[in-house]
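Each chain is listed here by its residues.
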Amino acid sequence: MRIPLARPDITEREKQAVAAVMESEQLSIGPQVNGFERAIADYIGTRYAIAVNSGTSGLHLALTALGVGHGDEVITTPFSFIASANAALYERAEPVFADIDERTLCIDPESLQSRITRRTKCILPVDVFGQPAALDEIRSIADDAGIPVLEDACEALGSEYRGVKAGTPIYAQAAVFAFYPNKQITTGEGGMIVTDDDRLAMLCRSMRNQGRGEAGLWLHHERLGYNYRLDELSSALGLAQMARLDEMLTKRDLVARRYSLLLSGVDGITTPYVAAATTRMSWFVYVIRFDPSIDRDSVMLWLHQQGIGCRPYFTPIHLQPFFRRQFGFKEGDFPITERVAQSTLAIPFYNQMTDEEASHVVAALKEAVHLFRRE
Ligand SMILES: *Cc1c(COP(=O)(O)O)cnc(C)c1O
């Protein structure tokens, strides 16, 4: 039995929504992008949603709109996907890392606080694997220091923190979601910035569209911009997927519960932790941790040989070759992040996963843990 790490979930209705756009002949800047933006804004409860062509573009625009530029510092986590740190580099700002909370895997507020300097221009927490960061604590640290928060919610569409949705303007000036095929909903490639702030929304809208002004004159450019627009085909897919979001999150929750049940009591494996403040977990990936006595890399290779997709999640950003070279980071700089990164493994996880598939994965894991226990 071959079991992939992730699989998109696309229905006939969604295929038809995309096909209808082709029939309409309006392939960019049209009703689908507006509809998709409205659907996300309504769902999160923000005044504005600005669709872009990736989560990375969204982070870049939001940081730029917040005024982050050359020489500024952006405090973020080294335990994330590379894009959350690269976004600062695009504006020649410096990502400053703070270590994580070993249970939630999100940035540790105390560590974050210790990294604030006069150059700190933004705090960029990441909702890791769908679990919202400690947004309440982070917001109060940020408020005390007079610094805005940009929430990287790319992995957390639908998650709730203390009863409110990840991405809510209660805790962050702006937040970004992403729709790559392994995320909770997909547009192929795509992202969305959400905010309540008029000026941020206006700037992001303009910059995603070549710096055009609000009047929308086609060859009139008021500021440096980009082509970060999301097209109509992708937007139609996203809009149709939004109609099924709750159904999909429920399916993911069932798969996660199934795994946690099957894996409970397996010696050497720890199942994901869900914090009390996470009042709804929108599962992005299902990441287990191995005890130090288990050789994670051998387990991974062996699972691949059995046709089971799996991947270490994440490799710390500060240990990526580019970051080592550029900033001189080395092993030992962020010990909790490194310890976690060496022991985690994402296992197959998708909406359509059957009980049989989950049982097959767990049986293989049990065998692997037995085979690759270090003496
Ligand atoms: C997916 C993701 C992004 C954005 O990725 P894109 O591929 O550019 O859409 C950003 N941050 C995190 C933490 C992510 O998981």
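Refer to the preceding data block for the structure.
## Here we look at the overall build of the chain
Here is step 1 of the chain: Of the regular secondary structure elements, the chain holds 13 helices and 13 strands.
Here is step 2 of the chain: Relative to the globule expectation of 21 Å for 375 residues, the C-alpha radius of gyration of the chain, 21 Å, shows essentially globular dimensions.
Here is step 3 of the chain: Summarising its shape, the C-alpha atoms of the chain cover approximately 70 × 55 × 40 Å along the three principal directions.
Here is step 4 of the chain: Put simply, the chain has 375 residues, and 57% of those count as buried.
Here is step 5 of the chain: Taking all contacts inside the chain whose residues are at least 6 apart in sequence as the whole, residues at least 24 apart take part in 72%.
Here is step 6 of the chain: A gap of 2 Å separates the mean positions of the 38 positive and 48 negative side-chain charges of the chain.

## Let's talk about the packing of aromatic side chains
Here is step 1 of the chain: For the coordinates displayed, the defined rule picks out 19 aromatic pairs.
Here is step 2 of the chain: An aromatic cluster of three or more residues is present, and its members are F97, F322, F323, F327, F329 and F334.
Here is step 3 of the chain: Geometry around Y43 places K165 over its ring, the cationic atom sitting 4.4 Å from the centre.

## With respect to the side chain of T344
Here is step 1 of the chain: With respect to the helices and strands, T344 occurs in strand β13 (residues 344-347).
Here is step 2 of the chain: A distance of 2.8 Å separates a polar atom in the side chain of T344 from the backbone oxygen of Y313.
Here is step 3 of the chain: Look past the residues within four positions of T344 in its chain and what remains in contact with it is V287, I288, R289, R296, P312, Y313 and F314.

## Focus: the site of the ligand
Here is step 1 of the chain: Surrounding the ligand, one finds 14 residues, the nearest of these being G55, T56, D152, E155 and K183.
Here is step 2 of the chain: Note that an oxygen atom of the ligand is positioned 2.4 Å from one of the side-chain N or O atoms of T56.
Here is step 3 of the chain: The contact in question runs from an oxygen atom of the ligand to an N or O atom on the side chain of K183, over 2.8 Å.
Here is step 4 of the chain: The fraction of the free accessible surface of the ligand (380 Å²) that becomes covered by protein chains is 92%.
Here is step 5 of the chain: At 3 residues, the largest contribution of residues to the shell around the ligand is made by helix α3 (residues 55-65).

## What about α3?
Here is step 1 of the chain: For α3, a buried count of 10 out of 11 residues is recorded, marking the element as mostly surrounded by other parts of the structure.
Here is step 2 of the chain: Considered for burial, the residues of α3 that qualify are G55, S57, G58, L59, H60, L61, A62, L63, T64 and A65.
Here is step 3 of the chain: In this structure S54 caps α3, since a side-chain oxygen of it lies 3.3 Å from the backbone nitrogen of T56.
Here is step 4 of the chain: Downstream of α3 by a residue or two, G67 has a phi angle that is positive, lying close to 90°.

## Regarding the environment of A178
Here is step 1 of the chain: Positionally, A178 belongs in strand β8 (residues 174-178).
Here is step 2 of the chain: Sequence-wise, A178 and V362 are 184 residues apart; in three dimensions their C-alpha atoms are separated by 29 Å.

## A word on the state of the cysteines
Here is step 1 of the chain: Inspection of every chain in the model, using the stated rule, returns 0 disulfides.
Here is step 2 of the chain: We note that C154 lacks a disulfide partner, and the nearest cysteine sulfur, in C204, lies 13 Å from it.
Here is step 3 of the chain: Here C154 falls in the buried class, since its relative accessible area comes to 8%.

## Considering the sheet that holds strand β2 (residues 73-76)
Here is step 1 of the chain: Taken in spatial order, the 3 strands make up an open sheet running β3-β2-β4, and their pairing is parallel. The strands lining the two open edges of the sheet, one partner per strand, are β3 (94-97) and β4 (120-124). Across the sheet, the mean angle from the axis of one strand to that of its neighbour is 30°, orientation sign disregarded.
Here is step 2 of the chain: Taken together, the 4 bridges between β2 and β3 define a ladder with parallel strand orientation. Bridging across to β3, V74 finds its partner in P95.

Rules and cut-offs
- Per chain, residues are indexed from 1 in the order of the written sequence.
- Reporting in this predicted model follows two pLDDT cut-offs: at least 70 for local features of residues, and 80 or more for side-chain atom pairs to be given and counted; totals over whole chains, interfaces and linings ignore these cut-offs and use all residues.
- As a rule here, side-chain values cover all heavy atoms of the structure and leave hydrogens and water aside.
- Runs of E in the DSSP output that reach at least two residues are strands. Runs of H or I that reach at least four are helices, and both are numbered from the N terminus.
- Computation of the radius of gyration draws on C-alpha atoms alone. For the globule rule, the value is 2.2 Å times the number of residues to the power 0.38.
- Only protein chains enter the area calculation, which uses a 1.4 Å probe; residues under 20% of their type maximum are buried, those over 50% are exposed, and those in between are partly exposed.
- The contact rule is simple, with two residues in contact once any of their heavy atoms fall within 4.5 Å.
- Think of it this way: Lys and Arg go in the positive column, Asp and Glu in the negative one, and His and the chain ends go nowhere.
- Taken as the charge centre is NZ of Lys, CZ of Arg, CG of Asp or CD of Glu, depending on the residue.
- Centres within 6.5 Å make a pair out of two Phe, Tyr or Trp rings, where for Trp the six-membered ring is used; the pair is then stacked when the planes are under 30 degrees apart, edge-to-face when over 60, and tilted otherwise.
- We count a charge as sitting over a ring when the NZ of a lysine or the CZ of an arginine lies within 6 Å of the ring centre and within 35 degrees of the ring normal.
- Polar contacts here mean pairs of N or O atoms no more than 3.5 Å apart (in protein, one a potential hydrogen donor and the other a potential acceptor; neighbouring residues in sequence count only if both atoms are side-chain atoms).
- The criterion for a residue being near a molecule or strand is simple. One of its heavy atoms has to lie within 4 Å of it.
- Each accessible area value is a Shrake-Rupley result obtained with a 1.4 Å probe; residue values ignore everything except the protein chains displayed when judging cover.
- Cysteine sulfur atoms are paired as a disulfide whenever they fall within 2.5 Å.
- Whether two strands pair depends on DSSP finding at least two bridges between them.
- Think of each axis as a best-fit line through the C-alpha atoms, taken over the contacting stretch in the case of a helix, with angles from 0 to 180 degrees between the N-to-C directions.

Honestly, that's just the spatial picture; any functional story needs more than this.
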